[in-house]
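# Remarks on the overall topology
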Amino acid sequence: MSWQATQDFAERLRDLKSSHGWTIEDMAAMCELPKRTLEGHLAWRNTTEPSLGTLAKLATGLDVSLNWLALGKGPIPLPEKRS
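Now for a look at the structure at hand. Just so it is clear, the model here is predicted, and its values are computed rather than measured. (Residues numbered from 1 in each chain as written. Predicted model: local features only at pLDDT ≥ 70, side-chain atom pairs only at ≥ 80, totals over all residues. Heavy atoms only, no water.)

### Re the environment of Leu 13
Looking at the secondary structure, you find Leu 13 in helix 1 (residues 3–20). Sequence separation of Leu 13 and Met 27 is 14 residues, and the distance between their C-alpha atoms is 9.6 Å. Setting aside chain neighbours within four positions, we find Leu 13 in contact with Met 27, Leu 38, His 41, Leu 42, Leu 58, Leu 62 and Leu 69. (Helix = DSSP H or I, 4+ residues; strand = E, 2+ residues; numbered from the N terminus. Contact = heavy atoms within 4.5 Å.)

Right under this line is the structure:
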């Protein structure tokens, strides 16, 4: 992932968070990731690319396309509200 792609990845995560009214805690629980890991990706602080495992957990937990999440390409199935 390039610098711009990493920034776009963080923006896609932030857009999902705000459009669904999720907290970081909500997202971390849905994705089975440590809150700190998610905070780093949302804040665009991480200097390393997310691992494939992290991307897969995020895409699965947030019900979005892995291709869209990682690259910003393809369809983005919008997640349904969770109770």
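### With respect to the pattern of salt bridges
This model, assessed by the stated rule, comprises two salt bridges. The partner of Lys 35 in a salt bridge is Glu 25, and the shortest N-O contact between them spans 3.1 Å. With Lys 35 in helix 3 (residues 35–42) and Glu 25 in helix 2 (residues 24–31), this residue pair connects regions lying 10 residues apart in the sequence. Residue classification places Lys 35 among the partly exposed positions, given a relative accessible area of 38%. In this structure Glu 25 comes out as partly exposed when scored by relative accessible area, which is 43%. Between Lys 35 and Glu 39 there is a salt bridge, with the nearest N and O atoms lying 3.7 Å from each other. Here Lys 35 pairs with Glu 39, and both are found in helix 3, just four residues apart, close to one helical turn. Among the charged side chains, a salt-bridge network with shared partners connects Glu 25, Lys 35 and Glu 39. (Salt bridge = Lys/Arg side-chain N within 4 Å of Asp/Glu carboxyl O. Buried < 20%, exposed > 50% of the residue type's maximum accessible area, 1.4 Å probe, protein only.)

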